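Understanding the architecture of this molecule
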Amino acid sequence: ISSPADGIRIEYGQTVSFVANPHPDPANITLDWLVGAATVDSGTSFDWTPTLANRGLNTITVSGTDDSSAIRNDAIQVLVNDRPTMDFTPAHGSVIFAGFPFSLSGNGTESDGATAIAGANISWYLDGVGGVWKTGANAAIAADELSPPGNFTISVVGEDQYGTVGTTTKTFYY
């Protein structure tokens, strides 16, 4: 399989084109494309648009058969997964009284719409602070942690079981 690369991630409804370039000798090679164990197309290329049923790792195989019935296969792995949906409180645009402690509460859902992102896979980022600022679903902010008072932009980032990352960002006044 010459395209795409092994290990790519695509989202539901995103069409990806697979291409195989068989060796020209022997000249008569029949190519069949399989998703998992199911034959889905034939020829040197095919387009695939996965659905939620394809969520997770999928093996895409091209199977070539020559005139003498010799068979050779090539396969790649494709991750079908949308980004997790992330959210947190306080709400975007909130005004929080300076000098008082408060908490951030984050949550996320994997692309299946049902599986929660584990708190251990949630990180917080504060504008102007390099790298991860806090970790976990809930983050306590000390009374003097954000100073001087002003607008602050915070992002929550969650990683699902496949390593796919989702994020949301909000700005508030403290």
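Quick summary incoming for the structure in this document. The residue numbering used here restarts from 1 in each chain and proceeds along that chain's sequence as written. In view of the model being predicted, local features appear only for residues whose pLDDT reaches at least 70, and side-chain atom pairs are presented and counted only at 80 or more, with totals across whole chains, interfaces and linings using the full set of residues. No hydrogens and no water enter the side-chain calculation; it runs on all heavy atoms of the structure.

**Quick notes on the sheet that holds strand 8 (residues 85-89)**
Strands in a sheet are paired, the pairing made by backbone hydrogen bonds, and the direction either parallel or antiparallel. For clarity, the threshold we go by: In this description, strands pair whenever DSSP reports at least two bridges between them. A helix here means a DSSP run of H or I that spans at least four residues, while a strand means a run of E at least two residues long, and both kinds are numbered starting from the N terminus. Comment: axis = line fitted to C-alpha atoms, over the contacting stretch for helices; angle = value between 0 and 180 degrees taken between N-to-C directions.
Strand order in this open sheet of three strands is 8-9-12, and the pairing throughout is antiparallel. Every other strand in the sheet has two partners, leaving strand 8 and strand 12 (138-141) as the edge strands with one partner each. Neighbour to neighbour, the strand axes of the sheet diverge by 20° on average, direction disregarded. Direction of pairing for strand 8 relative to strand 9 (residues 102-109): antiparallel, over a ladder of five bridges. Residue pairing for strand 9: M86 is matched across the bridge by G108.

**Topic: the packing of aromatic side chains**
For clarity, the cut-off: Only Phe, Tyr and Trp rings are paired, with Trp represented by its six-membered ring, and only when their centres lie within 6.5 Å; those with planes under 30 degrees apart are stacked, over 60 edge-to-face, the remainder tilted. Type-normalised accessible area, obtained with a 1.4 Å probe on protein chains alone, sets the label of each residue: buried when under 20%, exposed when over 50%, and partly exposed for intermediate values. The criterion for a charge sitting over a ring is simple: Lys NZ or Arg CZ within 6 Å of the ring centre, and within 35 degrees of the ring normal.
The final tally for this structure, using the stated rule, is eight aromatic pairs. When the centroid spacing of 5.1 Å and the interplanar angle of 85° are considered together, the rings of F88 and W124 count as edge-to-face. Pair noted here: F88 is in strand 8 and W124 is in strand 10 (residues 122-126), with a separation of 36 residues, a long-range link. Each member of the pair, F88 together with W124, is buried. Taken together, F18, W33, F46 and W48 form an aromatic cluster joined through their ring pairs. K134 extends its terminal NZ or CZ atom over the ring of W133, reaching a point 5.3 Å from the ring centre. The cationic tip of K170 hangs over the ring face of F88; the distance from NZ or CZ to the ring centre is 4.7 Å.

**Points about the pairing of strand 12**
Residues A139 and I141 of strand 12 are buried on one face, while the alternating residues N138 and A140, pointing to the opposite face, are not. Inspection of the sheet shows strand 9 paired to strand 12 by four bridges, in the antiparallel sense. Note on strand 12: the bridge partner recorded for L104 is A139.

**So, unusual backbone geometry**
Negative phi characterises most residues that are not glycine, and trans characterises most peptide bonds. Cis rather than trans, the peptide bond between T89 and P90 has omega equal to 15°. Here P90 lies in the loop between strand 8 and strand 9. For S69, which is not glycine, the phi torsion reads 70° and is therefore positive. Judged by relative accessible area, which is 55%, S69 ranks as exposed.

**Quick notes on the pairing of strand 7 (residues 71-80)**
Two strands pair when backbone bridges link them, and strand 1 (residues 8-10) and strand 7 are joined in this way by three bridges, in the parallel orientation. By the bridge assignment, R9 is partnered in strand 7 with L79. Hairpin connection of strand 6 (residues 56-65) to strand 7: five residues between the antiparallel strands, including S69 at a positive phi of 70°.

**A word on the environment of A120**
Counting through the fold element by element, A120 comes out in the loop between strand 9 and strand 10. In sequence terms A120 and A137 are 17 residues apart; their C-alpha atoms lie 7.3 Å from each other.

**Comments concerning the pattern of salt bridges**
Keep this limit in mind: We count a salt bridge whenever a side-chain nitrogen from Lys or Arg sits within 4 Å of a carboxyl oxygen from Asp or Glu.
Applying the stated criterion to the full structure yields five salt bridges. For the salt bridge of E11 with R9, the shortest nitrogen-to-oxygen distance reads 3.4 Å. With a relative accessible area of 27%, E11 lands in the partly exposed category. Overall, R9 belongs to the partly exposed group, its relative accessible area being 29%. Where R55 meets D112, a salt bridge forms, and the shortest distance between an N and an O atom there is 3.9 Å. You can see R55 sitting in the loop between strand 5 (45-48) and strand 6 and its partner D112 sitting in the loop between strand 9 and strand 10, a full 57 residues away along the chain. Accessibility expressed as a relative area gives 18% for R55, which makes it buried. In this structure, a network of salt bridges that share partners links the residues R55, E110 and D112.

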